[in-house]
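Each chain, written out:
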Amino acid sequence: MGYFYQDWKEKKMFVENADGQFVMNFGEAEKSMIENLESAVINLTEGASDEKRMAVDYIEYLAEGLKKGKLEVKWNIS
């Protein structure tokens, strides 16, 4: 299976199994993670105690994902 430039640019990966084809859009996942981290910063600095707890929980969730290898950080040098 070949990849097209637009799919690569939008960070989409196509996985095909016996039941059909699935699209994994990593670009959307990155945008969602960015929004969640930005919200966590706001909640930590301005939020009520329950919002601060949710922000801490999310950051701990990301840290645990990094520890277990479920999440990777990649730096683009440009």
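Residues numbered from 1 in each chain as written. Predicted model: local features only at pLDDT ≥ 70, side-chain atom pairs only at ≥ 80, totals over all residues. Heavy atoms only, no water.

Some remarks on the overall build of the chain
No. 1: A count of helices and strands for the chain gives three helices and two strands.
No. 2: If you list the helices and strands of the chain from N to C, you get α-β-β-α-α.
No. 3: Across the 78 residues that make up the chain, the buried fraction comes to 13%.
No. 4: Sequence-distant contacts in the chain: of pairs separated by 6 or more residues, those separated by 24 or more amount to 9%.
No. 5: If you sum the accessible surface of the chain, you get close to 6900 Å²; carbon and sulfur atoms cover 57% of it. (Helix = DSSP H or I, 4+ residues; strand = E, 2+ residues; numbered from the N terminus. Buried < 20%, exposed > 50% of the residue type's maximum accessible area, 1.4 Å probe, protein only. Contact = heavy atoms within 4.5 Å. Areas by Shrake-Rupley, 256 points an atom, 1.4 Å probe, with all protein chains shown as cover.)

Let's talk about helix H2 (residues 26–46)
No. 1: Between its terminal C-alpha atoms H2 stretches 30 Å, which fits the 30 Å expected from 21 residues at 1.5 Å a residue.
No. 2: The complete set of buried residues in H2 reads Gly27, Ala40 and Asn43. (Expected span 1.5 Å × (residues − 1).)

Concerning the layout of surface pockets
No. 1: Estimated volume of the largest pocket: approximately 620 Å³.
No. 2: Forming the boundary of the largest pocket are 14 residues, of which Glu30, Met33, Glu72, Val73 and Lys74 lie nearest the centre.
No. 3: Taken together, the elements giving at least two residues each to the lining of the largest pocket come down to H2 and helix H3 (49–68).
No. 4: In the lining of the largest pocket, the residues fall into nine nonpolar, one polar and four charged. (1 Å grid on protein atoms, 1.4 Å probe; cavity = no way out; pocket = protein on both sides within 12 Å on 5 of 7 lines; lining within 4 Å. Points joined across faces, edges and corners; volume = space filled by probe spheres on them. Nonpolar A, V, L, I, M, F, W, Y, C, P; charged D, E, K, R; others polar.)

Some points on the pattern of salt bridges
No. 1: If you walk through the whole model with that rule in mind, you get three salt bridges.
No. 2: Among the salt bridges present, the one from Glu60 reaches Arg53, with a minimum N-O distance of 3.4 Å.
No. 3: When the shortest N-O distance is used, the salt bridge between Glu64 and Lys68 registers 3.8 Å. Of this pair, Glu64 and Lys68 both sit in helix H3, four residues apart, which is roughly one turn of that helix.
No. 4: Note on Glu64: relative accessible area 36%, which makes it partly exposed.
No. 5: Here the residues in one salt-bridge network are Arg53, Asp57 and Glu60, joined through shared partners. (Salt bridge = Lys/Arg side-chain N within 4 Å of Asp/Glu carboxyl O.)

Bear in mind that shape data such as this cannot, by itself, settle questions of function.
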